[in-house]
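Residues per chain are reported as follows:
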Amino acid sequence: MRIGIIGAGPSGLAQLRAFESAQRAGVNIPEIVCFEKQSNWGGMWNYTWRTGLDEFGEPIHGSMYRYLWSNGPKECLEFSDYSFDEHFGRPISSYPPREVLFDYIQGRIEKSNARDFIRFNTAARWVSFDEDTQQFTVVLDDRANDRTYTEVFDYLVVASGHFSVPNMPHFKGIEDFPGTIKHAHDFRGADPYIGRDLLLIGGSYSAEDIGVQCHKYGTKSVTLSYRSQPMGFDWPKGMEEKPLVTHFEGDVAHFSDGTSKRFDDVILCTGYQHNFPFLPSEYRLENNNCLYPDKLYKGVVFNEQPRLIFLGMQDQYFTFNMFDAQAWFARDVMMGTIALPEKAERDKDIAKWLAKQDAIETPNDDVDFQTAYTRELVDSTDYPDFNLEKVAELFKSWLQDKEEDILRYRDKCYTSVVTGTKAAEHHTEWMAALDDSMECYLSDEEELKKQKAS
Ligand code: FAD
Ligand code: NA7
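Reading the values: the criteria
- Every chain is numbered independently, its residues counted from 1 as its sequence is written.
- Chains carry letters and ligands carry numbers; both start at the beginning, A for chains and 1 for ligands, and go up in the order they are written.
- In view of the model being predicted, local features appear only for residues whose pLDDT reaches at least 70, and side-chain atom pairs are presented and counted only at 80 or more, with totals across whole chains, interfaces and linings using the full set of residues.
- Strands here are runs of E lasting at least two residues and helices are runs of H or I lasting at least four, both read from the DSSP assignment and numbered beginning at the N terminus.
- The globule rule used for comparison is 2.2 Å times the number of residues to the exponent 0.38, while the radius of gyration itself is calculated over C-alpha atoms.
- Using C-beta atoms placed from the backbone, we call a residue buried if 20 or more other C-beta atoms fall within 10 Å of its own, exposed if 12 or fewer do, and partly exposed for counts in between.
- One requirement defines pairing of two strands: DSSP has to find at least two bridges between them.
- Interaxial angle, 0 to 180 degrees, is taken between N-to-C directions of lines fitted to C-alpha atoms, where a helix line uses only the stretch in contact.
- Seen with its strands pointing away from the viewer, a crossover is right-handed if its path from the first strand over the helix to the second goes clockwise.
- Residue proximity rests on one test: whether the C-beta atom, placed from the backbone, lies within 6 Å of the molecule or strand.
- Polarity classes work like this: nonpolar for Ala, Val, Leu, Ile, Met, Phe, Trp, Tyr, Cys and Pro, charged for Asp, Glu, Lys and Arg, and polar for all others, with Gly in that last group.
- To define a nonpolar core, we join buried Ala, Val, Leu, Ile, Met, Phe, Trp, Tyr and Cys residues through C-beta atoms within 7 Å and take the resulting set.
- By definition, residue pairs are in contact when their C-beta atoms, positioned from the backbone, come within 7 Å.
- Annotation comment: domain bounds sourced from an automatic or database domain assignment.
- Just so you know how the angles are binned, under 35 degrees is roughly parallel, over 145 roughly antiparallel, 65 to 115 roughly perpendicular, and the rest oblique.
- In this scheme the crossing of two helices becomes right-handed for a clockwise turn of the near helix relative to the far one and left-handed for an anticlockwise turn of less than a right angle.

Participant: Before we move on, could you go through the overall build of the protein chain and cite the residues and values that matter?
Facilitator: Looking only at helices and strands, one finds 10 helices and 20 strands in the protein chain. For 454 residues, the compact-globule formula gives about 22 Å, and the C-alpha radius of gyration of the protein chain, at 22 Å, lands near that figure. Reported as C-alpha extents along the three principal axes, the dimensions of the protein chain are approximately 60 × 55 × 50 Å. A burial count over the protein chain gives 42% of its 454 residues as buried.

Participant: Break down the sheet that holds strand β4 (residues 122-130) for me, citing the residues and quoting the values.
Facilitator: With antiparallel pairing, three strands are arranged side by side in an open sheet as β4-β5-β6. Bordering the open sheet on either side are β4 and β6 (147-153), each of which pairs with just one other strand. Strand after strand, the sheet turns through a mean of 20° between neighbouring axes, direction not considered. The sheet contact formed by strand β5 (residues 135-142) and β6 spans seven bridges and is antiparallel. Counted as the bridge partner of L140 is Y149 from β6.

Participant: Mind laying out the pairing of strand β11 (residues 221-225), listing which residues take part and the relevant values?
Facilitator: A large share of β11 lies buried, amounting to four of its five residues. One crossover worth recording links strand β10 (residues 197-201) to the parallel β11 by way of helix α4 (residues 205-217), and it is right-handed.

Participant: Please set out the site of ligand 2 residue by residue, giving values where relevant.
Facilitator: Residues in close proximity to ligand 2 total 19 residues, the closest being P169, S204, S206, S228 and G271. Per-class residue counts for the shell around ligand 2 are seven nonpolar, 11 polar and one charged.

Participant: Before we move on, could you go through the nonpolar core and cite the residues and values that matter?
Facilitator: If you look at the biggest cluster of nonpolar residues, it comprises 88 residues, and the most contacted ones within it are L156, V157, V300, I309, L311 and A330. Looking at this core element by element, the count peaks at 10 residues for helix α5 (residues 320-334). Non-local contacts of L156, meaning those with residues more than four positions away in its chain, are made with G4, V127, F136, V138, R307, L308 and I309. By size, the runner-up hydrophobic cluster in this structure holds 26 residues, among which are Y193, I201, F263 and I267.

Participant: Give me the environment of L13: which residues, what numbers.
Facilitator: Here L13 is to be found in helix α1 (residues 10-24). Once the C-alpha coordinates of L13 and D324 are considered, the two residues, 311 residues apart in sequence, prove to be 8.9 Å apart. Each residue touching L13, except ones within four places of it in the same chain, is listed here: A8, W41, I105, I109 and A114.

Participant: Can you tell me about the domain arrangement of the protein chain, naming the residues and giving the values?
Facilitator: Split into domains, the protein chain comes out as domain 1 (2-164 + 272-398) and domain 2 (174-268). A straight line from the C-alpha centre of domain 1 to that of domain 2 covers 32 Å. The residue inventory of the side of domain 1 that touches domain 2, partitioned by class, reads three nonpolar, four polar and one charged.

Participant: Outline the sheet that holds strand β9 (residues 180-183), listing residues and values.
Facilitator: In any sheet, the strands associate via hydrogen bonds between backbone groups, in a parallel or an antiparallel arrangement. Ordered in space as β9-β16-β10-β11-β12, the five strands form an open sheet in which the pairing is parallel. The open sheet has two edge strands with one neighbour each: β9 and β12 (239-242). Between one strand and the next, the sheet's axes are offset by a mean angle of 20°, whatever the strand orientation. Pairing geometry for β10 and β11, over five bridges, is parallel. Across the sheet, residue L200 finds its bridge partner in β11, namely L224. With respect to the sheet, α4 is in contact with β10, β11, β12 and β16 (265-268), its orientation differing from that of β11 by roughly 170°.

Participant: Please provide a residue-by-residue account of the site of ligand 1, values included.
Facilitator: Close to ligand 1 lie 32 residues; G7, G9, G43, G161 and G312 are nearest. Sorting the residues of the shell around ligand 1 by element identifies α1 and β4 as the ones contributing at least two each. Looking at the shell around ligand 1 element by element, the count peaks at three residues for α1. A breakdown of the residues in the shell around ligand 1 according to their chemical character gives 13 nonpolar, 17 polar and two charged.

Participant: Report on the pairing of strand β13 (residues 245-249), specifying residues and quantitative values.
Facilitator: Pairing analysis gives four bridges linking β13 to strand β14 (residues 252-255), with the strands arranged antiparallel. What sits directly across from V245, in β14, is F255. The hairpin formed by β13 and β14 contains two residues between the paired strands, and G250 there has a positive phi angle of roughly 60°.

Participant: Would you mind going over unusual backbone geometry in detail, with residue names and values included?
Facilitator: Despite not being glycine, Y67 shows a phi value in the positive range, around 65°. Here Y67 lies in the loop between β2 (31-35) and α2 (84-88). Under the C-beta neighbour-count criterion, Y67 is labelled partly exposed, with 19 such atoms within 10 Å. Positive phi is not limited to glycine here, since Q134 has a value of about 60°. Residue placement: Q134 occurs in the loop between β4 and β5.

Participant: How would you summarise the packing of α1 against helix α3 (residues 98-110) if you had to cite specific residues and measurements?
Facilitator: At a closest axis distance of 10 Å, the pairing of α1 and α3 adopts a crossing angle of 20°. One element, α1, and the other, α3, form an angle in the roughly parallel class. α1 and α3 meet at a crossing whose hand is left-handed. Side by side, α1 and α3 meet where P10, L13, L16 and R17 of the first sit next to I105, R108 and I109 of the second. Of the residues belonging to the contact of α1 with α3, the class tally is five nonpolar, no polar and two charged.

Participant: Go over the packing of helix α7 (residues 363-379) against helix α8 (residues 388-404) with me, naming the residues and quoting the values.
Facilitator: Where α7 contacts α8, the two axes come as close as 10 Å, and the packing angle between them is 160°. In terms of their interaxial angle, α7 and α8 are classed as roughly antiparallel. Here the hand of the crossing between α7 and α8 comes out right-handed. Of the residues in α8, those in contact with P363, N364, V367, D368, T371, T374, R375 and V378 of α7 are L388, E389, A392, F395, K396 and L399. Partitioning the contact of α7 with α8 into residue classes produces seven nonpolar, three polar and four charged.

Dropping the structure here:
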């Protein structure tokens with residue numbers, strides 16, 4: 001049996017790890033090949049300074065930016081088979097910066113031979129399925145060697161992420177706006193916005209995090225324009241929320257409450273598309289960013305074609321640990337350890353989760369939903385159990401911390417459900433921590449003082 005994996009971000013790496021863990025337990029695993037279009041693994045966590053196209057003319061995948069610190073407690077995403085304590089050898093704070101989390105992701109996978117299974121600089125271009133052989137043919141493009149070729153697989157795992165291709169709505173008059181306009185996907189840090197009046201359109205994580213970062217680094221004013229509902233945080237002086245932009249007149253944006261303001265720059269924080277240019281339309285997911293994408297049995301197995309697996313396609317509270325739970329489940333389905341029920345049963349199961357999703361009213365309900373979903377997966381495989389219900393409590397505290405102080409919630413310390421270790425206070429309050437490098441993050445307080453003095 002041959003298994004193809006598209007993408008070596010946290011989800012694709014979780015799939016490799018799941019097979020490795022079976023192998024270590026003495027199970028014969030199938031032949032696996034993972035295709036990654038970037039030159040390294042880590043997906044979003046593999047920061048790139050580039051925007052637009054990469055060195056081969058490939059659309060840039062990365063949407064992360066400088067000065068990005070985890071936007072949820074690390075205790076909520078910790079791998080249950082590889083703790084932060086094991087990786088760093090000491091407690092670290094609850095909200096590490098990107099480079100530190102990237103290091104953690106790499107730490108687990110570097111202990112295996114996973115790199116041998118990955119073909120880097122290789123983009124999946126097209127997938128077809130042969131009903132007679134029950135196999136997928138994948139057209140691949142080795143960008144570094146300028147070579148296209150095909151490979152045949154019995155199962156295909158799509159782990160290509162869904163926070164990369166921008167949703168770019170049009171606003172009347174925006175074409176005449178004289179300042180810079182970009183999508184959050186192309187934001188690479190607050191530096192260009194220092195001293196400027198910035199408009200962010202969108203009312204979710206990107207608008208919140210880019211807005212707060214820009215405020216922290218000295219943007220003169222940050223205005224956040226929402227479509228459905230305000231985020232409603234107690235914003236500091238210099239940040240405010242407005243309802244949706246109706247239109248632009250030159251550098252002035254007009255809002256639906258009749259107010260208007262002049263801006264230097266606009267960033268559209270209007271979310272991302274689920275985009276699968278390498279899949280024929282009948283195999284694509286067409287949902288928006290939601291907790292339970294339609295068509296996926298257990299949020300993983302494509303119901304119309306169960307040899308096609310999707311990982312990480314949900315809106316995410318749980319991240320790395322949920323990808324693990326999915327990958328372990330997918331592994332057991334592919335290896336036949338978990339028998340799939342008939343399609344009618346699977347349809348029923350999907351309908352059950354979709355109905356539960358429809359009943360969600362609050363962010364706490366979101367958390368409970370994703371906890372119950374992940375719990376079902378964890379219980380069905382040998383992924384090391386962890387106290388998911390306690391993690392749900394941490395998520396709810398995190399939501400509360402943000403309500404209390406959107407600028408300082410990252411100074412809180414949580415306790416790991418994997419090791420029982422309480423996070424260490426970081427040497428610098430988040431609002432004063434301007435250097436997001438791992439070197440600075442891991443340096444101790446005395447060392448930091450010395451650095452500052454010199
Ligand atoms: P990705 O990380 O997107 O990886 C997908 C991989 O597939 C990429 O390496 C890509 O190059 C590859 N790929 C895509 N198409 C192809 C193709 N055709 N051929 C070959 N390879 C392909 N999560 C948190 O837990 N904490 C945070 O603080 C946090 N902050 C975030 C901030 C931003 C700005 C964004 C965008 C996301 C953030 N996330 C955060 C969520 C983040 O998406 C997940 O943590 C995680 O990266 C998802 O993993 P993934 O493997 O599913 O997708
Ligand atoms: P999200 O969480 O999917 O949110 C997208 C936001 O964009 C949301 O507030 C939408 O408003 C808004 N949106 C979408 N279309 C429009 C239009 N046409 N006009 C105005 N506003 C619009 O994406 P994010 O980028 O914030 O976060 C994604 C991930 O990146 C997340 O995991 C983070 O960790 C980082 P709505 O509320 O639907 O009215």
